[in-house]
Amino acid sequence: MMMGTGEIVVIVSIIGTIVVSIAVSIGIAIFMRKMIANLNASIQFQPVAMPVAVPQGPPQIKRTACRNCGGFKVKPPKTACMYCDFCGAFVDWDFRIAVSTAGSARPAPALQQLMAQEKAFQAQARANNDVESFKQSVRRIYEQHTVQCAAAYSPRIGDPKYKHQLIEYLALVDSALGFDPESQQHEASVASLRRMLPRAPGHGHLDMNVFRQLVAAKKAATARAVQLLAPHIHLHPDEASAEIAAATINSTFTQYWLPFLDAGNRQWLIAEMGLAGEYVELSPVPLTERHCGSCGDAVHVPQGASRVVCEKCGHFNDVSAPEVQCPGCGGPTSVPSGATTFSCPYCQMDMRADGMRAL
Ligand SMILES: [Zn+2]
Ligand SMILES: [Zn+2]
Ligand SMILES: [Zn+2]
């Protein structure tokens, strides 16, 4: 990030030693495990003001080429999950947006209670070497978490198929980690170093020597997690890469610790965790307004785009052809990706992809 910049204040929800914050759908398995592990030690919820240096002046955008089509982002993403503006592929994780979006959601008491029960259940499953029961427990937690903390996920979580595939992926990854002795060892050293540091920002002195050891331990844990999730990454509904998975895990950790640190150490941590990224000035390109075929929300697309994700409802739209007009209400709409028939997002009339009434 650039130096000599203004500061904004971001409210971060803190519960216990975890931050439930925006969008970590890939690394969230690891994050949830930590959440469960720390549940007993949870303290009263308190919002914390976190100053984060954000450059002033012209808006900037993270420069990452799409692995699928080579395109660069031309529109600022609404969430930290960056989807290609041209083909809709999952491109990258934008840490700046993750920390500056007040979309945090903390678990409701009912969810906390569920997690406490599942913690005991998972310990039992581990003792019995029962991977299937462990996975069932993971699924139960995410079924609740994706509902109560939807803001912590990609906008695609609104698509039931996406959600199902994500939960299956998380069940696999979470159990791979839960039954891996090396992972457990890394987590234990992270936890023991964590105990030597203040429980909340401003609550006692933070020893930077210990903190640097914690960062090193966390990086080792992430490296092991990435080794274990790599064989499953193709099952992730965003077809993410192992590098992006590492970035999302590190992002959760970094977001949590930023409020504890002074400005210099914040910059150090962001760079150390590989989250600095290359940001370039956003140069506006002409955009055409279209309408999501699932929810009707406006979707702005650049020339040459073939498929885009609606950042409101998370469904993909085919934007390679002009919009069609609903034969019922006359409303303009794009066609949901891959659909031959669909319901008008405004009046629910069934129509075909060519705009004719479906019989
Ligand atoms: Zn692309
Ligand atoms: Zn939509
Ligand atoms: Zn209609």
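Look up a bit, the structure's there.
The following refers to the structure shown. (Residues numbered from 1 in each chain as written. Chains lettered and ligands numbered in written order. Predicted model: local features only at pLDDT ≥ 70, side-chain atom pairs only at ≥ 80, totals over all residues.)

### Digging into unusual backbone geometry
Unusually for a residue other than glycine, Asn129 sits at a positive phi of about 55 degrees. Mapped onto the elements, Asn129 comes out in the loop between helix 3 (109–127) and helix 4 (131–148). C-beta crowding within 10 Å serves as the criterion here: with 9 such atoms nearby, Asn129 is assigned to the exposed category. Look at Glu239: it is not a glycine, yet its phi comes out positive at around 50 degrees. Tracing the backbone shows Glu239 in the loop between helix 7 (208–229) and helix 8 (242–257). Classification of Glu239 by C-beta neighbours within 10 Å gives partly exposed; the count is 13. (Helix = DSSP H or I, 4+ residues; strand = E, 2+ residues; numbered from the N terminus. Buried ≥ 20, exposed ≤ 12 C-beta atoms within 10 Å, placed from the backbone.)

### Here's the deal with the pairing of strand 6 (residues 90–93)
Bridge analysis of strand 5 (residues 81–83) against strand 6 gives three bridges, and the strand direction is antiparallel. Opposite Tyr83, over in strand 6, you have Phe90 as the bridge partner. In sequence, strand 5 turns back onto strand 6 through a hairpin of six residues, with Gly88 there showing a positive phi of about 80 degrees. (Pairing = 2+ DSSP bridges.)

### Some words on the sheet that holds strand 10 (residues 307–309)
A sheet is described by the order of its strands in space; here three strands give the open sequence 10-11-14, paired in antiparallel fashion. Across the chains shown, the open sheet's two edge strands, defined by having one partner strand only, are strand 10 and strand 14 (335–336). When strand 10 meets strand 11 (residues 316–318), the two strands line up antiparallel, connected through three bridges. Bridge assignment links Val309 to a residue of strand 11, and that residue is Phe316.

### Quick notes on helix 8
Given a rise of 1.5 Å per residue, 16 residues ought to cover 22 Å, and the 23 Å separating the end C-alpha atoms of helix 8 matches this to within 8%. The buried fraction of helix 8 amounts to 13 of the 16 residues, a majority that puts the element mostly inside the structure. (Expected span 1.5 Å × (residues − 1).)

### Thoughts on the nonpolar core
Counting residues in hydrophobic clusters, the biggest one holds 61 residues, and the most contacted among them are Tyr83, Trp93, Phe95 and Leu170. It is helix 5 (residues 160–178) that contributes the most residues to this core, nine residues altogether. Mapping this core onto the domain boundaries places at least three of its residues in each of domain 1 (7–280) and domain 2 (287–352). Not counting residues within four places of it along the chain, the set of residues in contact with Phe95 comprises Ala80, Ser251, Ile270, Leu275 and Gly277. With six residues, the next largest nonpolar core counts Cys326, Phe342, Cys344 and Met351 among its residues. (Core = buried A, V, L, I, M, F, W, Y, C linked by C-beta atoms within 7 Å. Domains from an automatic or database assignment. Contact = placed C-beta atoms within 7 Å.)

### Points about the packing of helix 3 against helix 4
Between helix 3 and helix 4, the least distance of the axes is 9 Å, while the angle of their chain directions is 165 degrees. When the axis of helix 3 is compared with that of helix 4, the two are roughly antiparallel. Considering the relative orientation of helix 3 and helix 4, their crossing is left-handed. Note on element contacts: helix 4 touches helix 3 through Ser133, Phe134, Ser137, Arg140, Ile141, Gln144, His145 and Gln148, opposite Leu111, Leu114, Met115, Glu118, Phe121, Gln122, Ala125 and Arg126. Here the contact of helix 3 with helix 4 is built from residues that sort into seven nonpolar, six polar and three charged. (Axes fitted to C-alpha atoms, helices over the stretch in contact; angles between N-to-C directions. Parallel < 35°, antiparallel > 145°, perpendicular 65-115°, else oblique. Left-handed = near helix turned anticlockwise from the far one by under 90°. Nonpolar A, V, L, I, M, F, W, Y, C, P; charged D, E, K, R; others polar.)

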